[in-house]
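# Structural features, examined
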Amino acid sequence: AMPIVALVNFLFGVILAFVGAVQLQQIGAGVFVANLVGIAMVRDMAALMTGIVMAGRSGAAYAAELGSMQVNEEIDALRTLGISPMEFLVMPRMMALMLMTPLLAIYANLMGIFGGALVSMTVGGLTSTEYFGQIQDAVGLNHVTQGLVNATAYGAIIAVSGCLRGMQCGRSAASVGLATTSAVVTAIVFIVIAAAVLTIPFNALGF
């Protein structure tokens, strides 16, 4: 997922910086493009875009893998052997996404900030020292913490959606495709809901 996450977040940083530069330069505040890109990417957008990419990639893969196992009666065979499918198939996938999504979000933060730097230094007229100095002043540990918490929650949502739809898959080949589509849609919808819901406690805590 790293190349996709890098490309999407780099371009998102470019878009944020371009829109911000055009508007802020009108009031002589072009230097604050760095604040816009840094805080937006670190707090919300990098984790959100990474979650959506992972829903399309890993969430779909989980649903397809478990759905295929359901069709081939491999999950029934595990139960017959006394092995819990939840512990053997679902929990490792959930732990993997909950651990890796925050790391991918950190990587996405860097890509988005570099994308913003490209526009700020070419269109906005900022130097690299001004841009990264402003980023350092604007982005705090509280912003990073919020982004990482969001990313962890998104990872759990993706894993639950993918595994749930895979385990609910029917016994036909067509059911695998339906389960995969449903997993992606479910994950993206709940990621967006979680992004909105998590904003409330973070604001209450002063993040």
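Everything below is about the structure printed above this text.
Description of the structure in this document. Everything numeric in this text was worked out from a predicted model, so none of it was measured.

Thresholds, definitions, all that
Residues numbered from 1 in each chain as written. Predicted model: local features only at pLDDT ≥ 70, side-chain atom pairs only at ≥ 80, totals over all residues. Heavy atoms only, no water. Helix = DSSP H or I, 4+ residues; strand = E, 2+ residues; numbered from the N terminus. Buried < 20%, exposed > 50% of the residue type's maximum accessible area, 1.4 Å probe, protein only. Core = buried A, V, L, I, M, F, W, Y, C linked by side-chain atoms within 4.5 Å. Contact = heavy atoms within 4.5 Å. Patch = residues over 30% accessible without salt bridge, like charges linked within 9 Å, V, L, I, M, F, W, Y side chains within 5 Å. Areas by Shrake-Rupley, 256 points an atom, 1.4 Å probe, with all protein chains shown as cover. Salt bridge = Lys/Arg side-chain N within 4 Å of Asp/Glu carboxyl O. Phe/Tyr/Trp six-rings, centres within 6.5 Å; stacked < 30°, edge-to-face > 60°. Lys NZ or Arg CZ within 6 Å of the ring centre and 35° of its normal. 1 Å grid on protein atoms, 1.4 Å probe; cavity = no way out; pocket = protein on both sides within 12 Å on 5 of 7 lines; lining within 4 Å. Points joined across faces, edges and corners; volume = space filled by probe spheres on them. Nonpolar A, V, L, I, M, F, W, Y, C, P; charged D, E, K, R; others polar.

### Details of the overall build of the protein chain
- If you tally the helices and strands in the protein chain, you get seven helices and zero strands.
- If you list the helices and strands of the protein chain from N to C, you get α-α-α-α-α-α-α.
- When the backbone C-alpha atoms are referred to their principal axes, the protein chain occupies close to 70 × 35 × 25 Å.
- Looking at the protein chain as a whole, 45% of its 207 residues are labelled buried.

### What about the nonpolar core?
- In terms of nonpolar packing, the biggest core is built from 26 residues, with L66, M69, L89, L97, Y154, I158 and I191 touching the most fellow members.
- Residue assignment for this core shows that the elements contributing at least two residues are α2 (33–71), α3 (74–80), α4 (85–122), α6 (141–167) and α7 (173–204).
- If we skip the residues at most four places from it in the chain, L89 touches L66, M69, I75 and L78.
- Listed in part, the 19 residues of the second largest apolar core include V5, L16, I113 and V119.

### Some details on a nonpolar patch on the surface
- Taken together, the side chains of M91, M95, L99, M100, L103, I106, L110, F114, M121 and F132 present a nonpolar region at the surface, about 910 Å² in accessible area.
- With nine residues, the top contributor of residues to the nonpolar patch is α4.
- Looking at the element boundaries, L99 is found in helix α4.

### What to know about unusual backbone geometry
- One non-glycine residue with positive phi stands out, namely E73, at about 65°.
- By the secondary structure assignment, E73 is in the loop between α2 and α3.

### Some points on the packing of aromatic side chains
- According to the stated counting rule, one finds two aromatic pairs in the structure shown.
- When the centroid spacing of 6.1 Å and the interplanar angle of 65° are considered together, the rings of F114 and F132 count as edge-to-face. Linking F114 in helix α4 with F132 in helix α5 (residues 128–138), this pair joins segments that are 18 residues apart in sequence.
- For F132, a relative accessible area of 33% translates into the label partly exposed.
- Considering the side-chain rings of Y131 and F132, the 5.1 Å spacing of their centres and the 90° angle between planes classify their relative orientation as edge-to-face.
- Overall, the relative accessible area of 0% leaves Y131 in the buried class.
- Through successive ring pairs, a cluster of aromatic residues spans F114, Y131 and F132.
- It is R93 that lies over the ring of Y62; its NZ or CZ is 5.7 Å from the centre.

### Describing the pattern of salt bridges
- For the structure on display, the rule yields three salt bridges.
- Here D76 and R79 are joined by a salt bridge, their closest N and O atoms 3.5 Å apart. Pair noted here: D76 and R79 are both in helix α3, with a separation of three residues, about one helical turn.
- Take D76: its relative accessible area is 27%, and that puts it in the partly exposed class.
- Between D76 and R171 there is a salt bridge, with the nearest N and O atoms lying 2.9 Å from each other.

### Some details on empty space enclosed by the protein
- A full pass over the atoms with the stated rule returns one cavity of 30 Å³ or more.
- For the lining of the largest cavity, the secondary-structure elements that each account for two or more residues are α2, α4 and α6.
- Here the lining of the largest cavity is built from residues that sort into seven nonpolar, two polar and no charged.

### Side note on the side chain of Q70
- With respect to the helices and strands, the residue Q70 is situated in helix α2.
- Non-local contacts of Q70, meaning those with residues more than four positions away in its chain, are made with I75, D76, G166, M167, C169, G170 and R171.

### Things to note about the environment of A204
- Relative to the helices and strands, A204 is located in helix α7.
- Residue classification places A204 among the exposed positions, given a relative accessible area of 67%.

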